[in-house]
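# Observations on chain architecture
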Amino acid sequence: MNEQKMPALKIGVLASGRGSNFQAILDAIGKGKLHAEIAVLITDNPSAFAIERARKHHIEYLVVHPADYASREEYFRNVAEELRTRNAGLIVLAGFMRIVGKALIDAFPNRIMNIHPALLPSFPGLHGQKQALEYGVRISGCTVHFVDEGMDTGPIIIQAAVPVVQEDTEDTLSARILELEHKIYPEAIRLFAEGRIDVHGRTVQIKDYPNIQSFFTNPPLDI
Ligand code: GRF
């Protein structure tokens, strides 16, 4: 079927902060690179800058406060219900600072993606860039993966690598990684929207897998 004739994938975005990955997804949709629409933004933070981005694009947003629910499970059951009501086909975590509850994972199996600023399974959890710097790796990057109940442990969809240079600070490394985050997140969503992702256990198979472009070493080879 012609891709453009398929109904647009409806995406529910969960974000807690500035939302630059959310913006990258909006931009990919705006440029016609991603056949999708944002059904709703859900945030746990009323001052998240992501809300401004939603407003600007006339996207519905909901502030859903964990404190208003009796338990974590109750909270995520409600989030799942809001997403289901809007017929979301994919849930995208874009800087959502909570571990997703089982109620939401069970409602959208292999339909929740997250982006992490390190090459998983290295450096999961908070401050992946700082962890990489302190460990002394020469190459780091970012990972888009499906979400399971663990902390950044779900099946990996796409990764991008960047060099870590000796002058790096957490800020410079984070900026270098973020630039790639904004490229690989829309790409992972595009693969999903085109029905090209199959999950087998913890391995992801991508249909019509493109050729690998290159490799690099850090420091560069001089022999
Ligand atoms: C990104 O570094 C992402 O990898 C991590 O949280 C940060 C969110 O940034 N999960 P933004 O809100 O998308 O700008």
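## Considerations on unusual backbone geometry
Glycine aside, residues mostly have negative phi angles, and peptide bonds mostly take the trans form. For the bond from L120 to P121, the omega torsion is 10 degrees, close enough to zero to count as cis. Of note, P121 is situated in the loop between β5 (112-116) and α5 (128-135). Unlike most non-glycine residues, D152 shows phi in positive territory, near 60 degrees. We classify D152 as buried; its relative accessible area is 15%.

## Focus: the nonpolar core
One broad trend across soluble globular proteins is that nonpolar side chains are buried collectively. Formed by 42 residues in total, the largest nonpolar core has its most connected members in F22, M113, V144, I157 and I189. Sorting elements by how many residues they give to this core places helix α6 (residues 170-193) first, with nine residues. Counting the residues that make up this core, at least three belong to each of domain 1 (9-108) and domain 2 (114-208). Apart from the residues within four sequence positions on either side, V144 is in contact with M113, N114, I115, I156, I157, I158, I184, Y185 and A188. In this structure, V64, F96, A103 and I105 belong to the second largest nonpolar core, which totals 21 residues.

Definitions and limits used
- The written sequence of each chain sets the order in which its residues are numbered from 1.
- Per-residue local features are limited, in this predicted model, to residues with pLDDT of at least 70; the limit for side-chain atom pairs, both in listing and counting, is 80 or more; totals at the level of whole chains, interfaces and linings are taken over all residues.
- Note: side-chain values were computed over all heavy atoms of the structure, leaving out hydrogens and water.
- Only DSSP runs of H or I reaching four residues or more are called helices, and only runs of E reaching two or more are called strands; each is numbered from the N terminus.
- Think of it in three bands: residues with accessible area under 20% of the maximum for their type are buried, residues over 50% are exposed, and the middle band is partly exposed, with areas taken using a 1.4 Å probe on protein chains only.
- Throughout this description, the term nonpolar core refers to a set of buried Ala, Val, Leu, Ile, Met, Phe, Trp, Tyr and Cys residues connected via side-chain atoms within 4.5 Å.
- Where each domain starts and ends comes from a domain assignment, either automatic or drawn from a database.
- Any two residues whose heavy atoms approach within 4.5 Å are treated as being in contact.

By themselves, these are just geometric observations and shouldn't be taken as functional.
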